Amino acid sequence: MQFTIDFIPELKVVSPGRINLIGEHTDYNMGYVLPTAIEKNITFGFRKNGSDTKCGVYSKTFDTGFEIDLNGIARSGVEWENYILGVLNEISKRTDKLRGFDCILESNLPTGSGLSSSAALECGLAYGLNELFDLGLTKLELVQLSQTAEHTYAGTQCGIMDQYASVMSRENHLILLDCLTLEAQYIPIDLDPYKIILLNTKVSHNLATSEYNVRKRECEQGVSLVKEKFPEVDSLRDVTGDMLKACKDGMPDKIFKRCAFIVAENARVLQMADAFKAGDHAKVGQLLYEAHQGISELYEVSCAESDFLVDFSKSYPSVLGARQTGGGFGGCTLNIVHRDAVAEFVEAATHAYEEKFGIVLEPYEVEPCGGTGSFVP
Ligand code: ADP
Ligand code: MG
């Protein structure tokens, strides 16, 4: 029989998705990223159910749920259950205070669209259980255990950006995060008269997880080759363009391209942060286009649908810049669009995209917002 639960929650948690202005695939290379949470989120209702070990989790979004025994947590054959189980597994390693609970979750955050619904799911669950059972874990611990859950149970060797952005964001700010030291600088985002418009390609090529892990390995291979000449290098973060050029001869072309993208992308993150501080909107847009070119040609994690939409933006002077956001192979493009031109641009892009691919895209206007939070209903 289908598993369902319904109850009046004693605690509610809202856990947001995120956009990343720039700095794609730089997090697991110990570089910089510039994300913020957005007002698209997963809402969780929690209650303690009085049992020592029995738990129930129900996703209204997927209209499916499952039961868990905390004494027998193991990977599941059902993809989404692994995000839940991975988090419970990590919490259980850190504390013995977890007891039986029920959880219902509901989402307006599109899945598999590069807006990190997976991190919102992990972090919202971890955050809620931390409050419900007074586990005493810090926000950073919640971020880190959620990231580990994604590695061990979901199988994506992700960096720390998605979980960090979901939990740590502040309203109207970008986070300039140094993924090595975890030092965070909060940068006010003032784009007026421009808006951030996401165009959801509605494609999510299933290469995303496997190729993500392949890219990570390619970067590691790059680091070990650079290390032969520059032993002081620990990650691509330590590599400059000149150092990379000096190593080019001994490197497979593909590995060189991957490294060249990361080195340039790290520099772009810092330039983008400066552009926001200076209110230089034109520079913000230019960096987005440059980043997309690297994503597409050097890192090769774009796809025909994303490339088409980014190219389409270029024909609109009222769009300052655009790029695919998220891990790759589809999901959303992020566009900086003059507020007076939003409706016209979205309509034209929708029309052109449907004509080309037979898919009706979904547009979202998004505002930076604060990270995961809870309230007692
Ligand atoms: P993204 O993080 O970009 O949205 P991922 O492939 O990393 O894409 O994560 C999407 C997966 O997260 C979904 O396929 C599903 O397993 C899980 N997920 C996200 N939101 C929900 C939800 N509301 N209910 C159940 N599972 C969800
Ligand atoms: Mg994800």
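Residues numbered from 1 in each chain as written. Chains lettered and ligands numbered in written order. Predicted model: local features only at pLDDT ≥ 70, side-chain atom pairs only at ≥ 80, totals over all residues.

**Remarks on the overall build of the protein chain**
Scanning the protein chain for helices and strands turns up 10 helices and 14 strands. Rg of the C-alpha trace for the protein chain: 21 Å, near the compact-globule value of 21 Å for 377 residues, within the 12% margin. Reported as C-alpha extents along the three principal axes, the dimensions of the protein chain are approximately 60 × 55 × 40 Å. Burial statistics for the protein chain: of 377 residues in total, 49% are counted as buried. Partitioning the intrachain contacts of the protein chain with sequence separation of at least 6 by distance along the chain shows that 72% fall at a separation of at least 24. (Helix = DSSP H or I, 4+ residues; strand = E, 2+ residues; numbered from the N terminus. Rg over C-alpha atoms; globule rule 2.2 N^0.38 Å. Buried ≥ 20, exposed ≤ 12 C-beta atoms within 10 Å, placed from the backbone. Contact = placed C-beta atoms within 7 Å.)

**Things to note about the UniProt feature "domain: GHMP kinase N-terminal" (unreviewed entry) in the protein chain**
UniProt's feature table lists "domain: GHMP kinase N-terminal" (unreviewed entry) at residues 82-169, given in the numbering used throughout. Between the first and last C-alpha atoms of residues 82-169 the distance is 25 Å; the span itself is 60% helix and 8% strand. (UniProt positions renumbered as here; feature names shortened; annotations may be inferred.)

**A few points about the UniProt feature "domain: Galactokinase N-terminal" (unreviewed entry) in the protein chain**
Using the residue numbers shown here, the UniProt feature "domain: Galactokinase N-terminal" (unreviewed entry) corresponds to residues 13-46. This span, residues 13-46, is 0% helix and 65% strand, and a straight line between its end C-alpha atoms measures 8 Å.

**Some remarks on the nonpolar core**
Judged by nonpolar contacts, the single largest core of 110 residues is most densely connected at Leu34, Val87, Ala126, Cys259 and Met272. At 11 residues, helix 7 (residues 253-278) tops the list of elements feeding residues into this core. Of the domains in this structure, domain 1 (11-188 + 370-375) and domain 2 (194-366) are the two that each give at least three residues to this core. Contacts of Ala126, omitting those with residues within four sequence positions, involve Val87, Ile91, Leu142, Leu145 and Ser146. (Core = buried A, V, L, I, M, F, W, Y, C linked by C-beta atoms within 7 Å. Domains from an automatic or database assignment.)

**Things to note about the site of ligand 1**
Ser59, Trp80, Ser107, Ser117 and Ser118 are the nearest of the 19 residues found near ligand 1. Listed by contribution, the elements that provide at least two residues to the shell around ligand 1 are helix 1 (79-94), strand 6 (101-107) and helix 2 (117-132). (Near = placed C-beta within 6 Å.)

**Thoughts on the packing of helix 1 against helix 2**
Packed helices, taken two at a time, are described by their axes: the angle between them and the distance between them. Axis separation between helix 1 and helix 2 bottoms out at 9 Å; the angle between their running directions is 40°. If you check the angle between helix 1 and helix 2, you find them oblique. The interaxial crossing formed by helix 1 with helix 2 has right-handed handedness. In contact with Tyr83, Ile84, Val87 and Ile91 of helix 1, helix 2 contributes Ser118, Leu121, Glu122, Leu125, Ala126 and Leu129. (Axes fitted to C-alpha atoms, helices over the stretch in contact; angles between N-to-C directions. Parallel < 35°, antiparallel > 145°, perpendicular 65-115°, else oblique. Left-handed = near helix turned anticlockwise from the far one by under 90°.)

**A closer look at the sheet that holds strand 11 (residues 330-338)**
Strand pairing in a sheet relies on backbone hydrogen bonds. The paired strands run either parallel or antiparallel. Spatially, the 4 strands line up as an open sheet ordered 10-11-9-12, and their pairing is antiparallel. Of all strands in the sheet, those with a lone pairing partner are strand 10 (319-324) and strand 12 (362-366), marking the two edges. The average undirected angle you get between the axes of adjacent strands in this sheet is 20°. Relative to strand 12, strand 9 (residues 194-204) is paired through 5 bridges, and the arrangement is antiparallel. (Pairing = 2+ DSSP bridges.)

**A few points about the domain arrangement of the protein chain**
The assigned domain composition of the protein chain is domain 1 (11-188 + 370-375) and domain 2 (194-366). For domain 1 and domain 2, the distance between their C-alpha centroids amounts to 25 Å. Every contact between the two is made by 30 residues of domain 1 and, on the other side, 35 residues of domain 2. Elements supplying a minimum of two residues to the side of domain 1 that touches domain 2: strand 1 (11-20), strand 2 (32-33), strand 3 (35-48) and strand 7 (173-178). Counting residues per element, the side of domain 1 that touches domain 2 draws most heavily on strand 3, which supplies 3 residues.

**Section: helix 10 (residues 342-357)**
Owing to its 3.6 residues per turn, the α-helix brings residues three or four apart onto one side. Taking 1.5 Å of rise per residue, 16 residues should cover 22 Å, and helix 10 covers 22 Å from first to last C-alpha, within 8% of that figure. The set of residues buried in helix 10 consists of Phe345, Ala349 and Tyr353. Angular distribution of buried residues about the axis of helix 10 spans 55°; they occupy a single face of the element. Residues of helix 10 that are exposed and point more than 90 degrees away from the buried face comprise Ala343, Glu347, His351, Glu354 and Glu355. Immediately downstream of helix 10, the backbone of Gly358 shows phi near 70°, a positive value. (Expected span 1.5 Å × (residues − 1). Arc of directions from axis to C-beta.)

**What to know about the environment of Gly65**
With respect to the helices and strands, the residue Gly65 is situated in strand 5 (residues 64-69). Judged by local crowding, Gly65 falls into the buried class, with 20 C-beta atoms found within 10 Å. Excluding anything up to four places from it in sequence, Gly65 contacts Phe3, Thr4, Ile5, Gly56, Val57, Tyr58 and Ser59.

**Let's talk about the sheet that holds strand 2**
Pairing is antiparallel in the open sheet, where 3 strands are placed in the order 2-7-8. Looking along the sheet, the strands with just one partner apiece sit at the ends: strand 2 and strand 8 (184-188). Inspection of the sheet shows strand 7 paired to strand 8 by 5 bridges, in the antiparallel sense. In the strand pairing of strand 8, Leu174 is matched with Ile187. Along the sheet, helix 4 (residues 161-168) makes contact with strand 2, strand 7 and strand 8, crossing strand 7 at roughly 140°.

**Side note on the environment of Lys257**
Structurally, Lys257 can be placed in helix 7. Along the sequence, Lys257 and Lys356 sit 99 residues apart, while their C-alpha atoms lie 29 Å from each other.

**Observations concerning unusual backbone geometry**
For the bond from Asp192 to Pro193, the omega torsion is 10°, close enough to zero to count as cis. For Pro193, the position within the fold is in the loop between strand 8 and strand 9. One non-glycine residue, His25, adopts positive backbone phi at about 65°. Among the structural elements, His25 can be located in the loop between strand 1 and strand 2. Looking at His25, the number of C-beta atoms within 10 Å reads 26, which means it is buried. Phi angles above zero are rare outside glycine, and Phe329 is one such case at about 60°.

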